Every structure is written in C-alpha cells, then in structure tokens.
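# Inside the fold
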Amino acid sequence: MTEPNTLRAALAAENLFGPEHLVDPFPLYARARRDAPVFFNAPTSCWVVSRSEDIVTVLRDTERFSSKYLMSPRTPLAPEVVAVLGDPDAWLPTLLTTDPPDHTRLRGLLSKGFSPQRIAAMEPEIRAIADALIDGFVADGRVDLIARFAFPFTASVIGDMLGMRRDDIARLKRWSDDWIRLVWNVEPAEQLIEAARGLVEFQRYFAEVIAERTRRPGDDMLSALIQAHLDDDARLNEEELIAVPMQLIMAGHETTLYLIGNALMSLLEHPAHLAAVRADAGLLEHVVEEVLRLDPPVLWITRRTTVEVELGGVTIPAGATVQVAVCSANREESLFREPATFNPCRPNADRHLTFGRGAHFCLGAPLARLEARVALDRLLARLPGLRLDPEQPPERATAIGFRGHARLVALWDAPPGP
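Let us look at the structure shown here. Remember, it's a predicted structure, so these values are computed and weren't measured experimentally. (Residues numbered from 1 in each chain as written. Predicted model: local features only at pLDDT ≥ 70, side-chain atom pairs only at ≥ 80, totals over all residues. Heavy atoms only, no water.)

Okay, the environment of D102 next. Turning to its location among the elements, D102 is positioned in helix α6 (residues 102-111). In this structure, the C-alpha to C-alpha distance between D102 and R8, residues 94 residues apart in sequence, is 37 Å. (Helix = DSSP H or I, 4+ residues; strand = E, 2+ residues; numbered from the N terminus.)

Attention now moves to the pattern of salt bridges. Considering all chains together, one arrives at 33 salt bridges under this definition. Between D168 and R171 there is a salt bridge whose closest N-O contact spans 3.2 Å. Owing to a relative accessible area of 7%, D168 belongs among the buried residues under this scheme. Between E254 and K173 there is a salt bridge whose closest N-O contact spans 3.3 Å. Residue E254 is located in helix α13 (residues 238-268), and its partner K173 is located in helix α10 (residues 169-184); the two are separated by 81 residues in the primary sequence. (Salt bridge = Lys/Arg side-chain N within 4 Å of Asp/Glu carboxyl O. Buried < 20%, exposed > 50% of the residue type's maximum accessible area, 1.4 Å probe, protein only.)

The next point concerns the sheet that holds strand β3 (residues 65-66). The strand order β1-β2-β8-β5-β3 describes an open sheet built from five strands, whose pairing is mixed. Looking along the sheet, the strands with just one partner apiece sit at the ends: β1 (38-41) and β3. Relative to strand β2 (residues 46-49), β1 runs antiparallel, the two sharing four bridges. If you follow N41 over to β2, its bridge partner there is C46. (Pairing = 2+ DSSP bridges.)

For the rest of this paragraph, the subject is the pairing of strand β8 (residues 321-324). Here β8 shows a buried face lined by T321 and Q323 and a second buried face lined by V322 and V324. Here β2 runs beside β8; their pairing, made up of three bridges, is parallel. For V48, the partnering residue across the bridge sits in β8 and is Q323. Bridge count between strand β5 (residues 301-305) and β8: four bridges; the pairing is antiparallel. If you follow I301 over to β8, its bridge partner there is V324.

To continue, consider the pairing of β5. Working note: regular strand, side chains alternate between the two faces of the sheet. Extensive coverage of β5 is indicated by the burial of four of its five residues. With two bridges joining them, β3 and β5 adopt antiparallel strand pairing. Each residue of the ladder has a partner; that of S66, found in β5, is R304.

Within the open sheet, the three strands sit side by side as β4-β12-β9. Their pairing is antiparallel. The open sheet has two free edges, formed respectively by β4 (142-144) and β9 (387-388), since each of these has just one partner strand. This element, helix α9 (residues 145-162), spans β4 and β12 (409-411) of the sheet and lies at about 60° to β4. (Contact = heavy atoms within 4.5 Å. Axes fitted to C-alpha atoms, helices over the stretch in contact; angles between N-to-C directions.)

Attention now goes to the packing of aromatic side chains. A complete count under the given rule lists 13 aromatic pairs for this structure. For the pair F17 and W184, a centre-to-centre distance of 5.0 Å together with 70° between the ring planes defines the contact as edge-to-face. You can see F17 sitting in the loop between α1 (4-13) and α2 (19-23) and its partner W184 sitting in helix α10, a full 167 residues away along the chain. Side by side, F17 and W184 carry an identical accessibility label, which is buried. The interplanar angle of 55° and the centroid separation of 5.9 Å between the aromatic rings of Y258 and F402 together place this pair among those described as tilted. Here Y258 is found in helix α13, whereas its partner F402 is found in the loop between β10 (395-396) and β11 (405-407), with 144 residues between them in sequence. Here Y258 matches F402 in class, with each residue buried. Connected via pairs of aromatic rings, a cluster forms that spans W175, W179, F202, Y205 and F206. Positioned over the ring face of F336 is R293, at 5.1 Å from the centre of the ring. Its guanidinium or amino end placed over the ring of F26, R331 lies 3.5 Å from that ring's centre, counting from NZ or CZ. (Phe/Tyr/Trp six-rings, centres within 6.5 Å; stacked < 30°, edge-to-face > 60°. Lys NZ or Arg CZ within 6 Å of the ring centre and 35° of its normal.)

In this section: the side chain of S67. Tracing the backbone through its elements, the reader meets S67 in the loop between β3 and α5 (79-85). Among the residues examined, S67 registers a relative accessible area of 1% and is labelled buried. Here R303 takes part through its side chain, which lies 3.2 Å from a polar atom of the side chain of S67. A polar atom in the side chain of S67 sits 3.3 Å from the side chain of H360. (Polar contact = N/O pair within 3.5 Å; in protein donor to acceptor, adjacent residues only side chain to side chain.)

Glancing now at helix α8 (residues 123-135). Taking 1.5 Å as the rise per residue, α8 with 13 residues should run 18 Å; its terminal C-alpha atoms sit 18 Å apart, in good agreement. Every buried residue of α8 is accounted for by E123, I126, I129, A130, D131 and I134. Lining the buried residues of α8 we find α7 (116-121), α9 and α17 (365-382). (Expected span 1.5 Å × (residues − 1).)

Spatial relationships are all this shows, so hold off on functional conclusions.
The following block contains the structure:
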C-alpha cells in the first residue's frame, strides 16, 4: 500500500487534462478513494474529491460550495484574450452558474419544458429524428456513428426544442466548444483569441435570434422564455435570456452525444448483453443507467469554496476550485459490487452521481435518458449485425472534463442493392 503522503504527492503532479488520464482515469481515482480521498492537483489548480459521501456533501451545500464560477476560466486568461472577451468573471449568468435564490428562479422558468411528462411526450418526435438520420446511411453498411448519427441527433433534439434552424447547429456547437476551451484555458493565447471571438459570436447570435423571435414568436422553449422576460423582467432579465439558451445548447448536446457513443461501445464490446437487448428492447433503460454509472459522459462537476472547508480530512481554502469526480463515486467499491464490470442487470445502477445531487441535479436528465434509449433502440432495430469496424478503431474524444468518442465506425449487414 502506498503511503498517503507519497500518494498525495503523486496525485498532486498528475496531469488530469492529459490524454492518458482522459482515456482511462479510473485507476487514479481508485487509488485516491483508498488513501487520499481529497487531494490538491497542481496542473489543474484544483482540489479533487473522489469519494461518494464527500461528493454528495459538496453538491448539496450551495452556501460553502458555489456554482457561480463554474464557467469562469480555471486560470487567468491572457490580456489579449480578455481584450476580445471582456471581464470573464462578468460572463452571462446561466442555470449552471447561479446559486439559490437566482438558481431557483431560473430553474422554475425551465422546469415545465423539461418535466418528465413533457419529455415523454417528445418521444415520437425524437424517434422520427433518429429514423431520418438512419435513412441517410442505412444502405451503406458502414458509417461513423458519431459524425453521422450521435452528433446531429442530439443537436437536432435540443435545437428543435429551442426552435433553432438545423443549418445553424454546427456553428452553435463550435461556439459552445469555444466557451469550454476558454474555461479550461490550456491552449496558446493565439488559439484562445479565436475561441473568445467564437464566444462573442455565440452571444451575438442569440441576441439577434431573440430580437427576431420577439417580433415573431413560435411554439418553442425560447419563445416561452422571451414571453417570461416580457411579462416580468425580474423573473428573467435580458442577460439571462441570452445566456440560458447558450447553456442549453452546450449542456444539452455534448453530454448526451458522449452518452450515446459510450452506450454503443459498451454493447458492441459485450455480445451477450447486445443479444439480450436485441431480444428485449425493454432492457435498454437499464443499459443506459449502467452506462451512466460505469462510463459517464462527464468526469467532474466543478464548485468553488466560499469559505475555508474541512473535507475528507483535508483543509480546503476559501476561493479554491473543487472538482468532484463523479466518475470515481460511480465506481466506489462500498456501493457497487464489481464496480468496473458492465452489468445492465445491476439493481442499484441508478445510485450513480452523473447527474449530480441537490439543487443542481441535472434538469435535462429525463431528456438525456430518453435520447439515449431511443438512439440505441433505432440503431439496433434498423442495423442488423451491428459491429465495430476492425480496420477503424474507435477514437476517444479529447474534450477536457468529458468522456466519450470522437469517432466510432461501425459495420452492419446492409440490404443488397437493387
């Protein structure tokens, strides 16, 4: 067994943004859970929390662990980037970056659109989007399921909810990626200047769309938010009106895209489970829940301390960035039997923390679950003999803080041509 102080020193030096960690972060967190459940990591300038009990403490305590700076740069941006962007601590407020009572007010405005009943009613529309995408490649017998299916599928679902033109989805995704790049702030200044311009364009785009939608409202979530703003500026001010759809594009697309890819990989790597869900599509709900536990699309959830805090036997100073490693809690040995094993029959898979806990529990959780289930159902139903292409190995995405695939090329038994 490694001495705790020796392990803490090793963990402090580990590059959590490095490609090796992003490909397989789980051995590091297993060591941390055992001997150093809370540790400081120098390359990321943050404190990492690895055990479930401590993570739940952080997520439920909005007074000592604030979400306000969730989307602020982890380290100071270069002056030339700030010159394009403005004060990064004054970025627009979102559901992700507010604490109660503002968070409660914003969540109340969005909750109707994300209610389980509203999401369940969307299933026929979501199924139609999936089938239309599959129609575009079903005869080919080979496709990159990320580029041709998971990406446009998840983007279309959230875009349609907001009433966005589908032709705009690609650039909206690019701008949301720019936002995330600025948060992590690990690239050269020249590249981050371009990202800053992208974020400014993201804001400008929604300001223009909101102006147009104010004149010509539609039957969509953005129009409903605009009406709430017009009815009472105190319920939703102009800055929030711009920021909320930006956040929904970012959060509502990236995580579900990676969830679908991870679920496909889990099934394609386990033929017995794949055969079982082909025989009984009702098992797909359990598959999705187990993938959310075992191979979640997000590694961490970020908070900032407002006061000095004792946690896991360690003192964390006020103003410190805290990363709660939900991917670690999801494999905690005291909670899950054989935690590194893919087991869709696991009775307590839903105890995972991927969607968080407390006031900030993911509002879009029902939608993400539905999208993943429908995606798997339609792909398996329409692509007989679906399997990985042995000549095109899967490629992991390198987006910091996320876990998913950039490429997932698959083959199937396509019907013979005319």
